[in-house]
Amino acid sequence: MKQQNTGRRTRIVEVARSERLTPTMQRVTLCGEDLADFPAGQESAHIKLLIPQENQSLTAFRDLVESKSKAVARRTYTVRHHRADTNELDVDFVVHDGGGPACSWALAAGPGDFIGVAGPGPKKKPVDNADWYLFGADMAAIPAAAAALEELPDDAVGHAVFEITCDDDIQPVDAPDGIQLHWLVHEDPHTSSEQQLEFFRSIDWPKGTPGIFVAGESGAVSGLRKYLTNERGLDKRAMYISAYWKIGLIEDQHQVQKQAEAA
Ligand SMILES: Cc1cc2nc3c(=O)[nH]c(=O)nc-3n(C[C@H](O)[C@H](O)[C@H](O)COP(=O)(O)OP(=O)(O)OC[C@H]3O[C@@H](n4cnc5c(N)ncnc54)[C@H](O)[C@@H]3O)c2cc1C
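Just so we're clear, the structure is a prediction, and the values are computed from it rather than from any experiment.

Caption draft 1: Inspection of the site of the ligand at higher detail. Near the ligand lie 25 residues; those nearest to it are Thr 76, Thr 78, Asp 92, Val 94 and His 96. Asp 92 is positioned such that a nitrogen or oxygen atom in its backbone is 2.8 Å from a nitrogen atom of the ligand. With respect to the ligand, the backbone of Lys 246 contributes an N or O atom lying 2.9 Å from an oxygen atom. Relative to its unbound accessible surface of 900 Å², the ligand loses 94% to contact with the protein. At the level of secondary structure, the elements contributing two or more residues to the shell around the ligand comprise β4 (73-78), β6 (88-94), α2 (101-108) and β12 (239-245). Among the elements that line the shell around the ligand, the one with the most residues is β4, at 4 residues.

In structure tokens, the structure reads:
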């Protein structure tokens, strides 16, 4: 029998509940029968959210999704938790004032609302068997970084630096005891920040192979990439390093720019 490619079809799922996890993070829990064959263990992987318009009917939305209409806004998010027993996915949305469709949808979402989910894509993680780990993430990348940290071996050592918008954005991350968590406040995410770079420069660099995980705003990630490749001599293929969003660009524009840079 031909195996169904569960990663390619778009699931239409419902909102079970929505809660403000921290001042700048909204957790929306998605549920529904369509998640029954969502692959297990995909925490940290990205998904594409297909976002309905305000007051759109489920039938109208389903028709647009099935016809692969470009009129449906698509945004990239992360599987933070998946509870297969209850068919639930937690997706954590940064609350930002840029007025994007994903953020606006998450803030208004309530039980019974619907959304499309495509994916998951590959899991995000540093190289296996590293001697020590170094993570850098801003708010948009906390879900992926936290999920990856929670899957490190129990004896893992290193540092994880998170850039957050205010002190109350600190959230629980169940990382191994040997990983030191550092929380740096950068109040205005629409201005560029070099705090993570300064942090990377400030630590004693242990011997051995580092397992690097860096994700977040494009400018900050670019500075970290240059530091790690030019000054630390690391091979970019041996790191997970990715720009998740860019100041002043909506996701579609940022994707076009990333593709042009990669070509
Ligand atoms: C692999 C991957 C995984 C991701 N996982 C997550 C996740 O789990 N949670 C999450 O919140 N984001 C995540 N992102 C980032 C998310 O896709 C973008 O932030 C996206 O632009 C949000 O869509 P939007 O509709 O809210 O805003 P858009 O319509 O794309 O943008 C509107 C405006 O808001 C600004 N903006 C966008 N994101 C932010 C932000 N984080 N802070 C401040 N201003 C912003 C834009 O620069 C633009 O000016 C991920 C990205 C990638 C590539």
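The rest of the description comes next.
Caption draft 2: Spotlight on the side chain of His 182. Within the secondary structure, His 182 is located in strand β10 (residues 179-185). Engagement of the side chain of His 182 in a polar contact is seen with the backbone oxygen of Gln 180, the distance being 3.5 Å. Beyond its immediate sequence surroundings of up to four residues, His 182 is in contact with His 159, Ala 160, Val 161, Phe 162 and Phe 199.

Caption draft 3: How the structure looks around the environment of Ala 102. Mapped onto the elements of the fold, Ala 102 is located in helix α2. The class of Ala 102 is buried, set by a relative accessible area of 4%. When the C-alpha atoms of Ala 102 and Arg 27 are compared, they prove to be 12 Å apart, with 75 residues separating the residues in sequence. If we ignore the near neighbours within four places in the chain, the residues touching Ala 102 are Ile 51, Arg 75, Tyr 77 and Phe 93.

Caption draft 4: Representation of the sheet that holds β10 within the structure. Strand order in the open sheet formed by 5 strands is β10-β9-β8-β11-β12, with parallel pairing between adjacent strands. Sheet topology places β10 and β12 at the edges, where each strand pairs with a single neighbour. Each neighbouring strand pair of the sheet contributes to a mean axis angle of 10°, computed without reference to strand direction. Here 6 bridges tie strand β8 (residues 132-138) to strand β9 (residues 158-164), and the two strands are oriented parallel to one another. The residue bridging Tyr 133 from the neighbouring strand is Gly 158, located in β9. Helix α3 (residues 142-149) contacts β8, β9, β10, β11 (210-217) and β12 of the sheet and is inclined by roughly 160° relative to β8. With respect to the sheet, helix α5 (residues 218-231) is in contact with β11 and β12, its orientation differing from that of β11 by roughly 155°.

Caption draft 5: The arrangement of α2 in detail. Taken residue by residue, α2 has Ala 102, Cys 103, Trp 105 and Ala 106 as its buried positions. Angular distribution of buried residues about the axis of α2 spans 165°; they occupy a single face of the element.

Caption draft 6: Region of interest: the domain arrangement of the protein. When cut into domains, the protein gives domain 1 (11-118) and domain 2 (132-262). The distance between the C-alpha centroids of domain 1 and domain 2 comes to 24 Å. The interface of domain 1 with domain 2 comprises 17 residues on the first partner and 22 residues on the second. Together, the buried faces of domain 1 and domain 2 total about 1,500 Å²; carbon and sulfur atoms form 52% of this surface. Between domain 1 and domain 2 we count 3 salt bridges in total. The salt bridge partner of Glu 150 is Arg 80, with a shortest N-O separation of 3.0 Å.

What counts and what doesn't
Residues numbered from 1 in each chain as written. Predicted model: local features only at pLDDT ≥ 70, side-chain atom pairs only at ≥ 80, totals over all residues. Heavy atoms only, no water. Near = heavy atom within 4 Å. Polar contact = N/O pair within 3.5 Å; in protein donor to acceptor, adjacent residues only side chain to side chain. Areas by Shrake-Rupley, 256 points an atom, 1.4 Å probe, with all protein chains shown as cover. Helix = DSSP H or I, 4+ residues; strand = E, 2+ residues; numbered from the N terminus. Contact = heavy atoms within 4.5 Å. Buried < 20%, exposed > 50% of the residue type's maximum accessible area, 1.4 Å probe, protein only. Pairing = 2+ DSSP bridges. Axes fitted to C-alpha atoms, helices over the stretch in contact; angles between N-to-C directions. Arc of directions from axis to C-beta. Domains from an automatic or database assignment. Buried area = accessible area lost by both parts, 1.4 Å probe. Salt bridge = Lys/Arg side-chain N within 4 Å of Asp/Glu carboxyl O.

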